[in-house]
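# Residue-level structure breakdown
The primary structure of each chain is shown beneath.
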Amino acid sequence: MKYFLIAMCWIVAVSGFGTTTYYVRSGAAGKGDGSNWHDAFQQLPPQLTRGAIYYIASGSYPSYRFERCAGSEYLIIQKATREDHGTDEGWDPAYAEGPAVFSGWEILTSFIIIDGRTGGGPGNWNTGFGFQVVKTPPDHCGENGDLLRIGADLNDAQSRIEIRHTEFFAAHKYYPLGGISFYGGVSDAVISHCSIHDLFGCPFFFNSCSAIVLEYNYIAHTRSTGSFDDFCPDWHTEGISSIGVNRDITIRYNLWDDISGTAVIAGVNVGLSEKWKIYCNIFSRSVTPIRYYYDGAANLQVMNGLAFYNNNVVGIPETIGGYGVSQGGIVIDRGEGNRVFNNIWYNNIANSFVIDAEHGYNYFGKNRRVEGCEPTPCDMDEEAAADDLYAQIGSEASPFRYGDGSGDPLRADFGLLRETAPGLPLEAEFAYDMFGNRRGADGVWDRGALEYNGTVDVQNASDIPLEYCFVQNQPNPFNPQTLIRYFLPSNSGAYEKHVVLKIYDLSGRETAVLVDAMEGPGEHIVVWNGCDAQGRPAAGGVYFCRLSVDDCCGRTIKIMLLK
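Conventions used here
Residues numbered from 1 in each chain as written. Predicted model: local features only at pLDDT ≥ 70, side-chain atom pairs only at ≥ 80, totals over all residues. Heavy atoms only, no water. Core = buried A, V, L, I, M, F, W, Y, C linked by side-chain atoms within 4.5 Å. Buried < 20%, exposed > 50% of the residue type's maximum accessible area, 1.4 Å probe, protein only. Helix = DSSP H or I, 4+ residues; strand = E, 2+ residues; numbered from the N terminus. Phe/Tyr/Trp six-rings, centres within 6.5 Å; stacked < 30°, edge-to-face > 60°. Lys NZ or Arg CZ within 6 Å of the ring centre and 35° of its normal. pLDDT = per-residue confidence, 0-100. Contact = heavy atoms within 4.5 Å. Pairing = 2+ DSSP bridges.

Attention shifts here to the nonpolar core. One finds W105, F182, F204 and W276 to be the most contacted residues of the largest nonpolar core, which totals 88 residues. For this core, the leading source of residues is strand 2 (residues 53-56), giving 4 residues. Y279, A307, F430 and W445 belong to the second largest nonpolar core, which has 31 residues in total.

This part covers unusual backbone geometry. Note the cis peptide between N476 and P477, where omega equals 0°. Residue placement: P477 occurs in the loop between strand 41 (469-474) and strand 42 (482-488). A positive phi angle is found at A211, which is not glycine, with a value near 55°. Within the secondary structure, A211 sits in strand 17 (residues 210-215).

This brings us to the packing of aromatic side chains. Counted under the stated rule, the structure contains 34 aromatic pairs. By the ring-pair criterion, three or more aromatic residues cluster together here, those being F204, W256, F283, F308, W345 and F364. Taking the ring centre of Y183 as reference, the NZ or CZ of R149 above it sits at 4.1 Å. Above the plane of the ring of F200 lies R223, whose end atom (NZ or CZ) is 4.2 Å from the centre.

Right, let's get into the confidence of the model for the chain. Mean pLDDT for the chain: 88, with 89% of residues reaching 70 or above. Below a pLDDT of 50 lies the segment residues 1-18, which in the model reaches 35 contacts outside its immediate sequence neighbourhood of four places, other chains included. Within the model, the stretch residues 456-467 combines pLDDT values under 50 with 32 contacts to residues more than four positions away or in other chains.

The next point concerns the sheet that holds strand 20 (residues 255-257). Taken together, the 12 strands give an open sheet; going across it, the order is 3-6-9-12-15-18-20-23-27-33-35-38, and neighbouring strands pair in parallel fashion. Only two strands of the sheet have a single neighbouring strand rather than two, namely strand 3 (59-61) and strand 38 (392-393).

Tracing the sequence through the fold places L148 in strand 10 (residues 146-150). Considering only alpha carbons, one finds L148 and V133, 15 residues apart in sequence, at a separation of 8.1 Å. Residue contacts for L148: discarding those within four places in its chain leaves W105, I107, I163, F168, G179, I180 and S181.

Here it is in structure tokens:
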């Protein structure tokens, strides 16, 4: 499974780096040579050593510019945790509590990994991050820089930059501030398990880059203004702004929410985008998913070779930032070789659902417009599906386990209630959803971001089940954490039940107690982080997870922790 292979390679790569370690702790009062936690640097030193690992303690730090540094050994900047903090000399467990907070980053060098170690991804989309980058924008309605700027003058053939488990946000949205910007020459970069939210600006800006991967990120709550705004008028933004030539961009397994402006992904001014792979994302309560302009004048944007597969587009509202959404589909004025397959469009309000690409096997349900037709609202599903090869038109009822796309996606469950009509089987690269479920394993390659795994089938997403249901954990196998889901019935006497959820190893020894409490009916979700009852990382291998309710009704599933 691609997700797990990536994770395994990451673990091997980090543990295999050189022996030099340095320590950084805000407020350290020792010698300041970085040799241990007592004598730690108070902040990252101006010159870093290639091949070294820099452990960062919790605390506040100034902005930092990673200057050019010759060589191809990786620089490793990582958050110190209870389990992994290098030396014990001078160590205090308090150094692992909470994030290390920076006021901005700029990266001008290649071969660097910045890893907050915790937080982000499914189940923890916007919580628990080891690193935070927070900046207060200047009181100025104009360009105010970025939270992270990568490669302003970087032209290396392989940049090899990885940012993981980091939360980026502005202190407020009164004045503009960009998120993560990639400038000319950046290649082979990964942004993974991060959160980029609450910006008056673009979360991502691409200018002549290649081989960029955005995965398992939460991107949410952006501001964009029009001429009516009295404070900062006509400051247009988008989720991703693409300018120049950007090739081989992969956008997968992300949750996008409340993105305003031109589009979630927009090509403006002059540029060429080639071979973008956008798959298994959830686009929630946002503007048009993709909009590339070609007007023969100021905007000359071309998109070629797009693969837009197995995404959810849900909950486009009537207005975003005071404007209605004219297009709910994929709008590309000029391009070739673009393909849009196996997606779900559900509960969206827009004037049109045009798809400017080869398209088919898409699902349309409860899409409508609320102006320019009588009587309103007007159903748009038939129009959207008219030229879609093997389109499926769904009912008014949500196809998802919980939520219809109109509410906060962090409180929803976009797993399918049941199989969709068969989608189009695709190449192996697209064969797993964000939880590691193999598509088509039950004979049906489902449409949408999440593959149906046969665990729940109720009439409505809000229904409480009539029997106990213990769902296989996701992902499985897993590293470093997994989600365990179970359902308690409503027709079994007392409202609350005594629930115990425990992890056992193969010999039957108790490893961890995840739940021991009174709980009511409905769905419950628990995260196991792969640690035992003492907070120590458990050994890799097979474990059993057992659920018992009121000392009976036992259910057991087998799970596998990868190391």
